[in-house]
Amino acid sequence: RVFKASVGALLLFFALFVTYDEPSLPSIFPLFQDIQVMLAVGLGLLLAFLPRYGLSALAHNFLLLNFSTQWALLLQGLRHRYRHGELRLGLHNVLAAEFAAVTVLISVGAVLGRTSPCQLLTVAFCEVPVYLASEWLIVTQLGVRDVGGTITIHVFACYFGLGVSKALFGTQRRPAHPKETPTPRSDLLALVGTLTLWVFWPSFVAAPCRPGDAQRRAILNTLLALSASAVTTVVASSLLESGGKLSPGHLQNGSLAGGVAIGALADVPITPAASLALGSLSSLVCLLGFRFLTPLLARRLALHDHCGIHNLHGLPGILGAAASAVADQGGCGGCRQALWQVAGLAVALGGSLLSGMLAGAVLRLPCLAPPPEPLCFEDSLNFRIQGQAESPGMGDTTEEVALKERV
Amino acid sequence: RVFKASVGALLLFFALFVTYDEPSLPSIFPLFQDIQVMLAVGLGLLLAFLPRYGLSALAHNFLLLNFSTQWALLLQGLRHRYRHGELRLGLHNVLAAEFAAVTVLISVGAVLGRTSPCQLLTVAFCEVPVYLASEWLIVTQLGVRDVGGTITIHVFACYFGLGVSKALFGTQRRPAHPKETPTPRSDLLALVGTLTLWVFWPSFVAAPCRPGDAQRRAILNTLLALSASAVTTVVASSLLESGGKLSPGHLQNGSLAGGVAIGALADVPITPAASLALGSLSSLVCLLGFRFLTPLLARRLALHDHCGIHNLHGLPGILGAAASAVADQGGCGGCRQALWQVAGLAVALGGSLLSGMLAGAVLRLPCLAPPPEPLCFEDSLNFRIQGQAESPGMGDTTEEVALKERV
Amino acid sequence: RVFKASVGALLLFFALFVTYDEPSLPSIFPLFQDIQVMLAVGLGLLLAFLPRYGLSALAHNFLLLNFSTQWALLLQGLRHRYRHGELRLGLHNVLAAEFAAVTVLISVGAVLGRTSPCQLLTVAFCEVPVYLASEWLIVTQLGVRDVGGTITIHVFACYFGLGVSKALFGTQRRPAHPKETPTPRSDLLALVGTLTLWVFWPSFVAAPCRPGDAQRRAILNTLLALSASAVTTVVASSLLESGGKLSPGHLQNGSLAGGVAIGALADVPITPAASLALGSLSSLVCLLGFRFLTPLLARRLALHDHCGIHNLHGLPGILGAAASAVADQGGCGGCRQALWQVAGLAVALGGSLLSGMLAGAVLRLPCLAPPPEPLCFEDSLNFRIQGQAESPGMGDTTEEVALKERV
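Residues numbered from 1 in each chain as written. Chains lettered and ligands numbered in written order. Predicted model: local features only at pLDDT ≥ 70, side-chain atom pairs only at ≥ 80, totals over all residues. Heavy atoms only, no water.

You'll find chain A entered in an unreviewed UniProt entry as Ammonium transporter AmtB-like domain-containing protein, with Anser brachyrhynchus given as the organism. As its UniProt record puts it under Subcellular location (unreviewed entry), chain A is described as follows: "Membrane". UniProt lists a comment for chain A under the heading Sequence similarities (unreviewed entry), and it reads "Belongs to the ammonium transporter (TC 2.A.49) family. Rh subfamily." (UniProt positions renumbered as here; feature names shortened; annotations may be inferred.)

Right under this line is the structure:
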């Protein structure tokens, strides 16, 4: 097992390096807990929109969150040891490692349901170091302002995930799998996930801020952007769909677009109206992406993006980065900062797409067996379901029996 | 679309007025987040007790929360500008605006499932300014003590909602819709909503308190009242129902009645036994309301109260207001304060019933088309459900096709 | 009704004793709220893994949480009054009472689904005073270090519950009930419960610590142990099950084993590697328990442990206690502390098993009628389910009608 070895190795390395940080009170602990709820519960439920793949979505999300956090902690420790000696572990290190894990959780949304746990762990193994390097380059070297991770997390994770998807699935067009259709019940759970993410998003943006004015601004800007997103999503979805109805998928994603976009300028002193406008605009962009761009990319580029991460993370991320360039130019620092913001966006975009495609090529290695097509989007692929005969339609048992040995 | 224009107008007004508040640290931020969880997740799930209307209940609750908060923020800003110049936005303003939104979320419980989104937004549009005026009159002018919003929020919202229901549905008695019956699964989700509200209720009551003794008292009083409510509800429900069984609806509502009632005297130094007694009594009143009063009102007044808001918010609210009059009289201030408490209750009750009936009359305008009766309590009325044939019994497709144009 | 009288008695006693504590700011309030979420929502959902018993599991958990907390508060107050005069109630008292309630919630997991509410309340009535005495003996008298309750809560509660189960069900072997099999949907809800517990576990361990270094260490140690548990559980489950699949039950329990084990040494300055190793080891022990020990105990001792509390609380608890003896010996205090840790474990184990068997014998009293076997694991035993004909397979109505009088 690939991941068995990983766990052992992680433990070994931790034994060599890491001890605890001494001073500092956990004043960010409440924010940290909020972020943990977002990642473990909120994001997990949002990914559980597939009616027969809910357990797998929750479990894979949970596994990747933990594996990636530990892996990022270890890499941080290695780098720190090399430069400054032993790392003293503190809550802020764990938080930084969780941000690395977020990129993995976002990226794998593009290939949800068609990948094995080993493949997912390989994505995490590849993506975390690239993220750490990219974040160092963009924030520390270029001085890009991005407190909420619009560029370093959302744009990076999105194009990394699309790169993986493209390289993994190649040019073959997959027809929509009948098990991909959400039911009202799975849509309801996913909406609960969205609401959980929506509620705690201000904590996600505020946690890396210095306490004080910047943090306060970050909270209010994010609140307003998210609130505008929610209202705009309902209005826009009812206009985009026939008969004035809403699409559950629109609601699940569009309500969060404002949080993605505001991250790059949350701590900048912009007006409330600007936050609201950015929130509205980003959810509009997100919904238009779902309605027009995703089908187009699937048809032209055979690009598989199952959760629509391009619409929730890519497009609003680019919009937010552009807004941060404009806002910085006007607000505080001359053209220079605006250029750096654009440069940061370009680095995140290009670097992630390239490295994502490389990671996707690694996933095609024969030792990382992908799940067989008839078992995609099925919990029974990953879980021992008791009494399958009782739960109707829990997978074609004959097929499964035949395929079990291959898995 | 009515609400499209509203969004545009809100944004425009925000651009004219509101800027951010400068000093003040967000020390109430953890309480604020707790309240956000209550309103977006807890209340949404509680309203999802209808098995086929869960998505709509969650989504409408979310839409109204955001629209009402923005609308209340704007009205606060307008009033502040008129009197003191530009408003500087802070977290306490957002919190005050959310309290206005709570009244809308409670009120629409009376007409859940039989109203269109446009009608719901109209309720929010009407109720928020009336609430702000009523709250100003009761708290600022009359000096009523009501830290947890027993009178200003719960009693007000309840009778506003009943007024809307009465004026909207008139004297016609509607037979119980077959889709109104909860299933064990939808009852389970609603109970999770109740538990979420129950857990965070102390934050709701403590947030408006000054930090220190009053806040500490508010937390402990609310904890005890809620705890007594929970135990009493189980006991009383098993005595009211045949065979010693519990009613899920009793549990979902009665457990929260103590939180409603304690609000008006949470920060008053009463004994723990008084908190427990008030919690017990209020859940008893709530359950008796469900068992006897709701059927009576439906028969005599043809009053439609789908979520039983009269039992959860009206009766315990009146009980709490009465208790606050007695407690204040004995505890700290002579008869005067007791009279003001009663006066405040009368203002909230009368004002809300009257304005609610006016708002209900507005809802009968032909431009706000109500949903056709066969599609009531159906998610397919508001949502594009994919692959409806697969989810058994998801609505009579023939009826729907015929009715789609009318919606 | 037994519990009707209990409620009245509780209220009466509270009136005699308890008033509020004066000074002290609620700085532990955020941690307290996290723990409330764990107990009311997280644990409730985790117990809802039975597809037809979800409402009952949530409701019984909620009832026991409140009843036990009030009962523990009262006993604390009685003891305090006897020794120091009137108790002034503060949030830390409520927290201590909730820890007593946790033991009840854990213990009843062994007899979930085969017990009536009256029996469960009797368990709470017996267990709370024994816990308080045991906790006083172990922590105050023996000076055992156990900030996270590994010994005083988890080990105690586990063997108390097993004692109850053994004495209640005797030597008869019950065949696995067909309604005991979880479905993917109920497993999903239970996994959400696990994730909720997992996220907030650090607050549970940190709440009793003094703020400062010890608290910070407790948070980080718990985070690392839980993270290692999560990864190890997935790896170990896929190795234990055929075909590399995961067992939902393993994931639901194993992910939390690290939190149980780390409690006894969370505030001790151990290395991060030690936390990770303890977390890994404890989840391994938990899974091996599920795979081999539970079937063995059921066959040899006819021991009924429905939720597997021995695997989640017993084995990792003993492991954690052993680790705390070793760590204390090496780290800070000579052999003496190590001996006390072992002595504390022995006291918790022996005392709980003995008192649990006594409590189980009380449960066999004829006045506490157990539910009839065909209605076990059925919500319709405890709840009035509306329109049962509509929800397919909601229990054999003929049997129920015949049995209703007996219940």
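Draft legend 1. Highlighting the overall build of chain A. Of the regular secondary structure elements, chain A holds 13 helices and two strands. Within chain A, the fraction of its 407 residues that count as buried is 65%. Considering only residue pairs separated by 6 or more positions, chain A has 82% of its internal contacts joining residues 24 or more positions apart. Of the roughly 13900 Å² of accessible surface on chain A, 65% is carried by carbon and sulfur atoms. (Helix = DSSP H or I, 4+ residues; strand = E, 2+ residues; numbered from the N terminus. Buried < 20%, exposed > 50% of the residue type's maximum accessible area, 1.4 Å probe, protein only. Contact = heavy atoms within 4.5 Å. Areas by Shrake-Rupley, 256 points an atom, 1.4 Å probe, with all protein chains shown as cover.)

Draft legend 2. The arrangement of the interface of chain C and chain B in detail. In this assembly, 51 residues from chain C lie in contact with 49 residues from chain B. Counting the contacts that link chain C with chain B gives one salt bridge. Across the salt bridge formed by C:R384 and B:E241, the nearest N and O atoms sit 2.4 Å from each other. One can count eight residue pairs in polar contact (both at pLDDT 80 or more) joining chain C with chain B. At the level of elements, α1 (2-17), β1 (19-20), α2 (29-47), α3 (54-84), α4 (91-107) and α7 (184-206) of chain C are the ones that each hand at least two residues to the side of chain C that touches chain B. Per-element accounting of the side of chain C that touches chain B gives the leading share, 10 residues, to α3(C). (Salt bridge = Lys/Arg side-chain N within 4 Å of Asp/Glu carboxyl O. Polar contact = N/O pair within 3.5 Å; in protein donor to acceptor, adjacent residues only side chain to side chain.)

Draft legend 3. Spotlight on the nonpolar core. The biggest cluster of nonpolar side chains holds 389 residues, and the ones touching the most others in it are A:W201, A:F204, B:W201, B:F204, C:W201 and C:F204. Apart from residues lying up to four places away in sequence, C:F204 is in contact with C:I35, C:M38, C:F99, C:V102, C:G148, C:I153 and C:H154. (Core = buried A, V, L, I, M, F, W, Y, C linked by side-chain atoms within 4.5 Å.)

Draft legend 4. Region of the structure containing the environment of C:T233. Counting through the fold element by element, C:T233 comes out in helix α8 (residues 213-240). Setting aside its immediate chain neighbours within four residues, C:T233 contacts C:H250, C:L251, C:G254, C:S255, C:S283 and C:L287.

Draft legend 5. Quick look at the environment of C:A359. All names here are of chain C. Assignment of secondary structure puts A359 in helix α11 (residues 309-363). With a relative accessible area of 3%, A359 lands in the buried category. Taking C-alpha positions, A359 is 8.7 Å from L168, a pair spaced 191 residues apart along the chain. Every residue in contact with A359, bar those within four places of it in the chain, is listed here: C126, F160 and V164.

Draft legend 6. Spotlight on the side chain of B:S68. Tracing the sequence through the fold places B:S68 in helix α3 (residues 54-84). Contact partners of B:S68, with chain neighbours within four places excluded, come to B:A101, B:V104, B:A124 and B:V128.

Draft legend 7. Layout of the relation of the copies chain C and chain B. Placing chain C over chain B gives an RMSD of 0.0 Å and needs a rotation angle of 120 degrees, together with 0.0 Å of translation along the axis. Viewed as a symmetry operation, the transformation between the two copies matches a three-fold axis. The rotation axis passes nearest to the C-alpha of C:P30 in chain C, at a distance of 4.2 Å. When you check the interface residues of chain C against chain B, a mere 2% turn up at the interface there too, and the two sides of the contact use different surfaces. (Least-squares fit on C-alpha atoms with pLDDT ≥ 70 in both.)

Draft legend 8. Here's a closer look at the packing of aromatic side chains. One pass over the structure, following the stated rule, counts 21 aromatic pairs over all chains. Ring geometry for C:W71 versus C:F125: centroids 4.7 Å apart, planes at 5 degrees, classification stacked. Residue C:W71 is located in helix α3, and its partner C:F125 is located in helix α5 (residues 117-141); the two are separated by 54 residues in the primary sequence. C:W71 gets classed as buried once you look at its relative accessible area, which sits at 13%. Given the relative accessible area of 44%, C:F125 is considered partly exposed. Aromatic side chains C:F99 and C:F204 sit 5.1 Å apart centroid to centroid with 80 degrees between the ring planes, which places their arrangement in the edge-to-face category. Taken together, the residues C:F99 in helix α4 and C:F204 in helix α7 connect sequence positions 105 residues apart. Three or more aromatic residues link up through ring pairs in this structure, and these residues are A:F99, A:W201 and A:F204. (Phe/Tyr/Trp six-rings, centres within 6.5 Å; stacked < 30°, edge-to-face > 60°.)

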